[in-house]
Amino acid sequence: MLVEKYSVCGGNRLYGEINISGAKNAAVAIIPATVLVDGPCRIENVPKISDVTALLTIMREFGANIKLINDSTIEIDCSKIRNTKAPYELIRKIRASYYLIGALLGRYRCAEVGMPGGCDFGVRPIDQHVKGFESLGAKVDIKNGFIHATAENGLKGTNVYLDIVSVGATINIMLASVLASGQTIIENAAKEPHIVDVANFLNSMGADVKGAGTDVIKVRGVPTLKGGSYAIIPDQIEAGTFMAAVTATGGDILIKNIIPKHLECITAKLSEMGAIIEEFDDSIRVRRDGALNRVNIKTLPYPGFPTDMQPQLVAALILANGTSIVTESVWENRYRYIDELKRMGAKIQVDGKVAIIEGVQKLTGAPVRAWDLRAGAAMIIAGLTAHGYTEIEDVLHIERGYENIVEKFASLGADIKRFECPDEEEIAEPLKA
Ligand code: EPZ
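Since the structure is predicted, the reported quantities are computational estimates derived from the model, not experimental observations. (Residues numbered from 1 in each chain as written. Predicted model: local features only at pLDDT ≥ 70, side-chain atom pairs only at ≥ 80, totals over all residues. Heavy atoms only, no water.)

(A) Representation of the sheet that holds strand β13 (residues 216-220) within the structure. Here we have 4 strands laid out as an open sheet, ordered β10-β11-β13-β12, and mixed in their pairing. Each edge of the open sheet is held by one strand with a lone partner, namely β10 (159-161) and β12 (209-210). Alignment of strand β11 (residues 183-187) against β13, held across 5 bridges, turns out to be antiparallel. Paired with Q183 across the two strands is R220, which belongs to β13. Sheet contacts for helix α6 (residues 167-177): β10, β11, β12 and β13; angle to β11, the most-contacted strand, approximately 175°. (Pairing = 2+ DSSP bridges. Helix = DSSP H or I, 4+ residues; strand = E, 2+ residues; numbered from the N terminus. Contact = heavy atoms within 4.5 Å. Axes fitted to C-alpha atoms, helices over the stretch in contact; angles between N-to-C directions.)

(B) Broad picture of the environment of A244. Looking at the element boundaries, A244 is found in helix α8 (residues 236-249). Residues A244 and A176 lie 68 residues apart in sequence; the distance between their C-alpha atoms is 37 Å. Those residues in contact with A244 that lie beyond four places of it in its chain are L270, M309, Q312, L313, A316 and I381.

(C) Highlighting the nonpolar core. I76, L100, M174, L202 and L225 are the most contacted members of the largest nonpolar core, which totals 81 residues. Beyond its immediate chain neighbours, meaning those up to four positions away, I76 contacts I31, T34, G39, P40, C41, I43, L56, M59, A64, N65 and I66. Counting residues in hydrophobic clusters, the runner-up holds 71 residues, among them L292, L373, I398 and Y402. (Core = buried A, V, L, I, M, F, W, Y, C linked by side-chain atoms within 4.5 Å. Buried < 20%, exposed > 50% of the residue type's maximum accessible area, 1.4 Å probe, protein only.)

(D) How the structure looks around the pairing of β13. Residues I217 and V219 point to one face of β13 and are all buried, whereas V216, K218 and R220, pointing to the other face, are not buried. Where β12 folds back on β13, the antiparallel hairpin that results is connected by 5 residues, among which G211 adopts a positive phi of roughly 95°.

(E) Examining the sheet that holds strand β17 (residues 283-288) more closely. Pairing within the open sheet is mixed, and its 4 strands lie in the order β2-β15-β17-β16. Because the sheet does not close on itself, it has two edges, and the strands there are β2 (14-19) and β16 (276-279). Averaged over all neighbouring strand pairs, the angle between strand axes comes to 10°, with direction disregarded. Across 6 bridges, the pairing between strand β15 (residues 251-256) and β17 is antiparallel. Within β17, the residue paired with L254 across the bridge is R285.

(F) Summary view of the pattern of salt bridges. Summed over all chains, the structure comprises 24 salt bridges. For E403, the salt bridge identified is with K48, shortest N-O distance 2.8 Å. Of this pair, E403 sits in the loop between α13 (396-399) and α14 (405-411) while K48 sits in the loop between β3 (40-44) and α2 (50-62); the two residues are 355 residues apart in sequence, bridging distant segments of the chain. Note that K417 and D415 form a salt bridge whose closest N and O atoms lie 3.0 Å from each other. Counted as one network, the salt bridges with shared partners bring together D252, E278, R285 and R287. (Salt bridge = Lys/Arg side-chain N within 4 Å of Asp/Glu carboxyl O.)

(G) Quick peek at the packing of helix α1 (residues 24-33) against helix α7 (residues 193-204). Their axes nearest at 9 Å, the elements α1 and α7 cross at an angle of 30°. As summarised for this structure, α1 and α7 are arranged roughly parallel, according to the angle between their axes. Viewed along their axes, α1 and α7 form a crossing whose handedness is right-handed. Contact residues: N25, A26, A29, I30 and A33 in α1; H194, D197, V198, F201 and L202 in α7. In terms of residue class, the contact of α1 with α7 is built from 7 nonpolar, 2 polar and 1 charged. (Parallel < 35°, antiparallel > 145°, perpendicular 65-115°, else oblique. Left-handed = near helix turned anticlockwise from the far one by under 90°. Nonpolar A, V, L, I, M, F, W, Y, C, P; charged D, E, K, R; others polar.)

(H) Broad picture of the side chain of Q236. Mapped onto the secondary structure, Q236 falls in helix α8. Q236 gets classed as buried once you look at its relative accessible area, which sits at 8%. Excluding its chain neighbours within four sequence positions, the residues that come into contact with Q236 are P193, H194, H262, L263 and I266.

(I) Examining the site of the ligand more closely. Taken together, 25 residues are adjacent to the ligand, and Q128, S166, V167, D308 and V330 come closest. Interatomic distance of 2.9 Å between a side-chain N/O atom of Y98 and an oxygen atom of the ligand. Within the backbone of V330, a nitrogen or oxygen atom sits 2.5 Å from an oxygen atom of the ligand. When the ligand is considered free in solution it has 820 Å² of accessible area, and contact with the protein chains removes 92% of it. Where the shell around the ligand is concerned, the elements lending two or more residues are α1, α5 (127-135), α6 and α12 (373-385). Of the residues belonging to the shell around the ligand, the class tally is 12 nonpolar, 6 polar and 7 charged. (Near = heavy atom within 4 Å. Polar contact = N/O pair within 3.5 Å; in protein donor to acceptor, adjacent residues only side chain to side chain. Areas by Shrake-Rupley, 256 points an atom, 1.4 Å probe, with all protein chains shown as cover.)

(J) Layout of the environment of V395. Topologically, V395 is positioned in the loop between β23 (389-393) and α13. Considered as a pair, V395 and E4 are 391 residues apart in the sequence and their alpha carbons are 6.6 Å apart.

(K) Quick peek at the environment of E407. In this structure, E407 sits in helix α14. A relative accessible area of 39% places E407 in the partly exposed class. A polar side-chain atom of E407 sits 3.0 Å from a polar atom in the side chain of R418.

(L) Looking closely at the state of the cysteines. In the structure shown here, the tally under the stated rule is 0 disulfides. Distance from the sulfur of C110, which forms no disulfide, to the nearest cysteine sulfur (C78) is 15 Å. (Disulfide = S-S within 2.5 Å.)

(M) Examining the packing of aromatic side chains more closely. A full pass over the atoms with the stated rule returns 3 aromatic pairs. Both rings, one in F201 and one in Y230, keep their centres 6.0 Å apart while their planes meet at 80°; by these two values the pair is edge-to-face. Placement of F201 in helix α7 and of Y230 in strand β14 (residues 228-231) is noted, with a sequence separation of 29 residues between them. Classification of F201 by relative accessible area gives buried; the value is 0%. (Phe/Tyr/Trp six-rings, centres within 6.5 Å; stacked < 30°, edge-to-face > 60°.)

Structure (structure tokens):
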């Protein structure tokens, strides 16, 4: 069997311009949300990433009618969905499959979805999701690797105070409550841009969701949602990834199709590192040709510094002048990728939630692996600044959430290629015999 890898030859500064795709974390929630709609939903600016492909495959399994209108526009009609059991072998591939629980429960009063998969950085519980569903009157059991949620008497509006700020739980409770009877208030809600995007999508289909983007979201249940059309927001983490890359390599790039407000925290931090950043209505110019400065970072829920930018910033800080301190306060163990960076000569100490990055003069290319999509992006950034070749394996993780990342970096002058080679495991087989 052949596996895909990336080969990166470091040393090129980045110049030119790229377009940002639709936001992965909005798309993977809006697509399941179409289950709630009794009619066709036309969704624009859908990113071409494997998480979206996987979700559309699951929706087809349910009986959804899905049409590809053009390169980034799809039409999904769930009015004829016939089953509400999501197949485990598909579900385990992506974390966001759990949004199907809220959507199926909200529309059909029952859902049976395999426990979600996704990135591997510590425990990823769903207790807050379950708390929300039960508050709405559902019975939730987890058995045989499936989550079973039922509400024979329907869902009734309620007040839910989230014990922890959770993007997934905020969205899932919103999905389950838009067709419930009465009002649901979600307190201590997450405020990420993709939460606002999901609320705006639901409202464009006839829902009544207010307060998304604040920590109190009020949902007034409506009888049905009718079809309509909606365009997904640009991906602020994809944009941030390219901003971090040019800050690390040096150069001058224009990043188009973005919403500057969603990037404020990333812009502020990269400016501290020495990037010169100019904001326009829907694009941002990022240059760096002076010193690369050390900084301290603490990841926090939006509008704090996003955890999904933590690996990319650590990679950009390896060659900075001085020692940087990064604190990961959202996930319990999102530093597994650092061992890969050490193989390239990075000097990083990890102690619990804190990573201490001591700036070095030089990185050298090495064979590394992508532990998850953001860690994979960090490997690309490190490879772009290293001497020699870096070979990245397990790149399918990266392609779960980044559309055409090799082509986009190559268009900026990066020496990066995707290639296929025999799977080492298979090569090893004959030797065992
Ligand atoms: C979403 O994950 C994103 N994924 C993640 O992005 C992102 O890192 C995360 O939000 C935080 O911004 C998608 O949107 C598909 P959470 P999610 O619920 O919803 C704890 C990427 O790279 N928690 O906000 O799963 C949890 O353990 C991915 O694009 C509970 O304790 O994250 C974590 O410590 C990686 N109980 C914290 O809350 C729960 O029921 C935040 O998790 C739920 C969460």
